[in-house]
Amino acid sequence: DSNVRYLYFAVFVGYCTCGLTLVWVTEKPGWIFQVATCGYNFAFAISAWHTLFINTILLPKELRPNLFVKIGLIVGGCFFVCLGIMSALKLTGVIT
């Protein structure tokens, strides 16, 4: 449908407007980037585990990842969860 492009553009403009407003209005704009980075660490972990799940379940057996790729995705997901936990603890002041 040709009207979908207007929806995407409106969402994009709204997203950019909210982001720029948050950066300009806050007294410490660096804090917003720290919170976003903390969230992205968890998003990377979920993406790694989601990729592993989808590739292991939905792909035909001939195209499924081998053991080393599976281990890499698991370890990568664990790494980003640990990094996200450490950054969340630092943001909340539990660790310095």
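Above this text sits the structure in question.
Residues numbered from 1 in each chain as written. Predicted model: local features only at pLDDT ≥ 70, side-chain atom pairs only at ≥ 80, totals over all residues. Heavy atoms only, no water.

(A) Highlighting the overall build of the protein chain. A count of helices and strands for the protein chain gives three helices and zero strands. Listing the helices and strands of the protein chain from first to last along the sequence gives α-α-α. Taking 96 residues into account, the globule formula puts the C-alpha radius of gyration at 12 Å, and the protein chain, at 19 Å, lies well above it. Counting only C-alpha atoms and orienting by the principal axes, one finds that the protein chain spans roughly 50 × 50 × 10 Å. Expressed as a percentage of its 96 residues, the buried residues of the protein chain come to 10%. Summed over its atoms, the accessible surface of the protein chain is roughly 7800 Å², and 75% of this surface lies on carbon and sulfur atoms. (Helix = DSSP H or I, 4+ residues; strand = E, 2+ residues; numbered from the N terminus. Rg over C-alpha atoms; globule rule 2.2 N^0.38 Å. Buried < 20%, exposed > 50% of the residue type's maximum accessible area, 1.4 Å probe, protein only. Areas by Shrake-Rupley, 256 points an atom, 1.4 Å probe, with all protein chains shown as cover.)

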